[in-house]
Amino acid sequence: MNSLHVTEVKNLVEQLYTSIDPQVTKTIQEQLQAIQRHPEAWELASNLLSIPSDHCRFFGAHTIQVKIARDWNTLPSDRIDWLRDELFTWIIKCSNGSMFVTRKLCIALIAYAFQVVPNYWQQFIPQSIQAFISGAQAYGVSTENINQTILEFLTMLPEEISNAELIGGQKSQLMQEFKDGLPLVLSTLSNFLFAPETTDVSLLQKSLKCFQSWIQYGINIEDVALLLTQTMSLLANDELFEAAADVLLEGMQQSSWTRYNSFRDNLLVCFTSDGMKKKFADCIQDEDDDLGRSLAKLFTTFGETFTDFVALQLARSDIQCLMDMTLQLTGFQGYYPVDQEISEIPLNFWYVLQETLFDHGIIPVRQFEMAKRDGDDDVSLDSTTSDEQRLWTQHCGETAVILYQRLVTVIKQKAIFPKDDVWRTWTKDLKDKFRICRRDLGDTIINSYYVLRGDMLAVLFNHIFTVLAQWNTISSPGLDLEATLFCLKSVSEEIPADENEHVAKLFGADILGRLPSENNIRLQNTALSLTGSLAEWLKGRSEFLIPALNYIVPCLSSPKLASYAASAFSNICDICRESLIDDLDSLMHVYSTTSAARIDVNVMHKVVESVASVIQVLPPERSMGPLMILTGSILQELGTLLVQDPATTRTAVLSQLQNLSACCRGIQTPTDDYQTLTARNNIYDIFASGQLTAMYTNVDGFEQMTFAIGDTVRRITMIWGGDEEVMKALSQFLEAGIRSTSPLLTLPFHELVSLIDTGYQTSRFASWLDTTAFVMTVYGGQQNNVIVLRDLLSSLTEKTLNFISRTEDMEEHPDNVDSYFNLLSRVIQRCPMVFYELSPVMLNTIFQFTIAGMGIQERLALKASLNFMADFVAQDYKEGSKMDEVINKMIMELGLQIMEQLLAGIGGRVPRSFSKPLVDVLYKLTGRYLELCRHWLQILLAHEGFPSRLVTKEDKDTFIKGILGHRSLKRFKEYTNEFSKKCRGLGNTSFGGL
């Protein structure tokens, strides 16, 4: 290229680094990338490197790297040596300039070596170093600068080979070059790190960085023992501390190194030396964040790497010294993450140590000497353990207990929130980081509990009493107390139900009764959360239940406390429902009081569900009364709302409908979610048969209440039938009522069916279809309901297909399509004859609708169509039955269309993420109708270009043979997915390797 061209490129490069217009920057980048693809870019790079501009030189170096990696084959063979000479020349010349240019040139030289070793170049590492040294003398580059360049080159070598995509013999040859060059690398590092006259700190730092890079690459510890010892000694140098620490951290992370006890022992001696203790003391005193971070990483990594050793030697003085320093770093002064980010580093170590203490039987502590005096023979760790070993294990356990007792105090302190005026100045990101760290602190306190058990509870409760006693004399007692309660909350689920010494103190007048109720929202919310989390402990302890609820209930009316109070109230009522039966009147009073107070609607829903959960425990003859009172109150409120202006009462109506749903959820048995499908269907069959309703017919007020519910539902449907949110809330209540199997909270079957049909006629909301699906589940097991349910399905199908008649409609209303196909799947699974009693014309229409859905792009509707088709094909039925007749007729008439849609989808018409449901349908279809599928596949795949122009006849034949010749699902998927990839142009892997 002539100088004019170089000048143009130079101007482009300079503009790139000065432009502030993103569009201009993008245009320039595209121009420069095009220039790099030009064959003359090899020469251009050298010309750019001759320009005294870091930007131009960097682009020149980058161009060489790109050309080597991407366009190596365009370099004439007679220019290979020329390129190496150019790289050496410019690396040496640029050694006096910016390191980022030199670094890029070193990367280019390494990329060059990867292309030519060993055919064109052997012993490239020693030859490169020699070239740097001799070139520096020729061009007058200082020893200091060329040494920096040599170290940069050596540092990049292991990083680049680790990232390079090398194969087979090429990689093994390069690995041999690295192995052969390693002695020279280590010798070079030794010359720098051991040279007494070396005073250039940056050179020593770079040497350590290079050493770290080679450790990361993977070298034998025997080869670097002396270098490791020297690195440990360099920790004494403040300017080299961080770089030396990084080397040792890398070494501890090499799994092959950890088996060398000498490495471990030398590290321990180093970390507990007088010099390190002095450095640590200065760090704590000066609150040196940078040093503290490095120390925390060193000590923590040592602990996590050699945890077994630490646990088994915990009573040793040097190990105790290390643990003490690690503990102090866990409690490093200042708030995380605003003041420091050190205290979070050791948290995982405390977890690992606790696990290891248990694995080795060190915790729980076994009092060996006492056991021997008492004649207890069951004191040994195993039959070969000596008395000295047993005593040592005991000492280690006792040390662990003291250590974790101190850790509890540290964790509690670090969990304290800053004062409100400070907290308000923090950004959202900082607040989130503090909360995440606090959660980790909570996890760590659990590890302490596993070690200490009751002793930890004693520590925390003693601190609570101390804070309460000195409330007016200590700084920020509310924040301190909140952190202590938070620690208790963190372990509350681990506290056994038979704990009788400490937890009871919480519910007495000395703690809950003394907590401040003014200007301590966070403290109160934590107390509420703690109280609710102890529900399992409270279960069966009625003497503490009422004090707990007496603390919770008044908080329900406070906007800032209501959410936590409602959760605590709900948890206790749910878990302690049997213990609260005698207090049901009080709970009903809580409901009426909170209802009158107009508290937050979500809180109110939880209160309703909580009270209902206690009613659920009562036997049927006793439950109906309180349930009618609870439901009647809600219906009365709804009745008042329904005679007012709908525009002003809509929100309140929604809330009351949700209260009814909450009531239904509350009276469901706690084991509902754990029942088998068969057991649940049996319950639904009993309910649908009317047996439960007959039990309550003579209960006073029952018929009036059920009439009121039906009337209220009809009026709501009439007023808000076109309001999707209200109708969805109404549908959810209807479903919840049926799920509860309470005759009081459900409409009679025929009324329910009529309501659904009318509601869907008014507005085609998907929620009506969802409710119908559940109605099919509950009532579909009764033979006498089949005709009614068939007519309902027929009516809903007609209404659905009238307004979703085209594929465009399916994509516009995916929620309706999804709900409709879910309804069909539910029907054929629970009550198939409801589906197969439909008219042949309607059945044909449904399947044409399904087939159309299998070809659309909208994900929800597409998935729903495929899932229904999979369920349809997989059905079990008796040969000769009506189901058999209808299914086989549908398959014979529409099977070719179904197969066409499946192949088109596999061939690339639908997103790849849908390959699984497509394969599932195809697998089930070929498994049941093998010969028909063979015929359809041969017909369809005989069409040229179907399902893709990218597959050959041989590809198609291999696909047919593969999927029809294997019934292994794994092999079936492999053949189908491989065919799909070929259709999409994503691969051309041979089937022969499968």
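The structure this text deals with has already been given above.
Below or above, wherever it landed, is the structure these notes cover. Note that the coordinates shown come from a computational prediction; the quantities given were computed from them, not determined experimentally.

Moving on to the nonpolar core. Looking at soluble globular proteins, one finds that nonpolar side chains tend to be buried together. Ranked by size, the top nonpolar core spans 330 residues in total, and within it Phe271, Phe835 and Phe872 carry the most contacts. Leaving out residues up to four positions away in the same chain, Phe835 has contacts with Leu793, Leu824, Val827, Ile828, Leu843, Ile846, Phe847 and Phe868. Formed by 13 residues, the second largest nonpolar core is a distinct cluster that contains Val13, Leu44, Ile51 and Cys56.

Quick look at unusual backbone geometry now. Between Val117 and the following residue, Pro118, the backbone shows a cis peptide bond with an omega angle of 0 degrees. By the element assignment, Pro118 lies in the loop between α6 (99-116) and α7 (124-139). Each neighbour pair has its own omega, and for Phe946 with Pro947 the value is 0 degrees, a cis peptide bond. Relative to the helices and strands, Pro947 is located in the loop between α47 (930-941) and α48 (953-965). The backbone phi angle of Glu287 is positive, close to 50 degrees, even though this residue is not glycine. Inspection of the secondary structure assignment puts Glu287 in the loop between α14 (274-286) and α15 (289-305). With relative accessibility at 43%, the residue Glu287 sits in the partly exposed group.

Once that is clear, we can look at α6. With 18 residues, α6 ought to run about 26 Å at 1.5 Å a step, and its terminal C-alpha atoms sit 26 Å apart, in line with that. Counting buried residues in α6 gives 14 out of 18 residues, a clear majority hidden from the surface.

Closest axis-to-axis distance for the helix α38 (residues 766-779)/helix α41 (residues 814-830) pair is 8 Å, and the angle between their directions is 10 degrees. By the angle class used here, α38 and α41 are roughly parallel. Where α38 abuts α41, its residues Ala766, Leu769, Asp770, Thr772, Ala773, Phe774, Met776, Thr777 and Val778 lie against Asp815, Asn816, Ser819, Tyr820, Asn822, Leu823, Arg826, Val827 and Arg830.

We now examine the packing of aromatic side chains. Following the criterion strictly, the structure yields 42 aromatic pairs and no others. Ring geometry for Trp257 and Phe263: centres 5.7 Å apart, planes at 90 degrees, overall edge-to-face. This pair shows no difference in class: Trp257 is buried, exactly as Phe263 is. Counting every residue linked through ring pairs, the aromatic cluster contains Trp72, Phe88, Tyr112, Trp121, Phe124, Phe132, Phe153, Phe178, Trp214 and Tyr217. The cationic tip of Arg84 hangs over the ring face of Trp121; the distance from NZ or CZ to the ring centre is 5.1 Å. Sitting over the ring of Trp537, Arg541 keeps its end group 4.1 Å from the ring centre.

Cut-off values and rules
- What you see as residue numbers is a count from 1 along each chain, following the sequence as written.
- Local features in this predicted model are restricted to residues of pLDDT 70 or higher, and side-chain atom pairs are both shown and tallied only at a pLDDT of 80 or more, whereas totals for entire chains, interfaces and linings draw on every residue.
- Only hydrogens and water are removed before side-chain values are computed, so all heavy atoms of the structure are retained for them.
- We define the nonpolar core as a collection of buried residues of types Ala, Val, Leu, Ile, Met, Phe, Trp, Tyr and Cys that are connected through side-chain atoms lying within 4.5 Å of one another.
- Any residue under 20% of the maximum accessible area for its type is buried, any over 50% is exposed, and the rest in between are partly exposed; the area is computed with a 1.4 Å probe on protein chains only.
- In this analysis, two residues are considered to be in contact whenever any of their non-hydrogen atoms come within 4.5 Å of each other.
- Only runs of H or I of at least four residues qualify as helices and only runs of E of at least two qualify as strands under DSSP, and these elements are numbered from the N terminus.
- What a helix should span is 1.5 Å times the count of its residues minus one.
- Note on method: axes are straight lines fitted to C-alpha atoms, helices fitted across the in-contact stretch only, with angles between N-to-C directions ranging 0 to 180 degrees.
- Geometric relationships in this document are graded by angle, where less than 35 degrees denotes roughly parallel, more than 145 denotes roughly antiparallel, 65 to 115 denotes roughly perpendicular, and other angles denote oblique.
- In this scheme Phe, Tyr and Trp rings, the latter by its six-membered ring, pair at centre separations within 6.5 Å, and the angle between planes marks the pair as stacked below 30 degrees, edge-to-face above 60, and tilted otherwise.
- Geometrically, a charge over a ring is one whose NZ (Lys) or CZ (Arg) sits within 6 Å of the ring centre while staying within 35 degrees of the ring normal.

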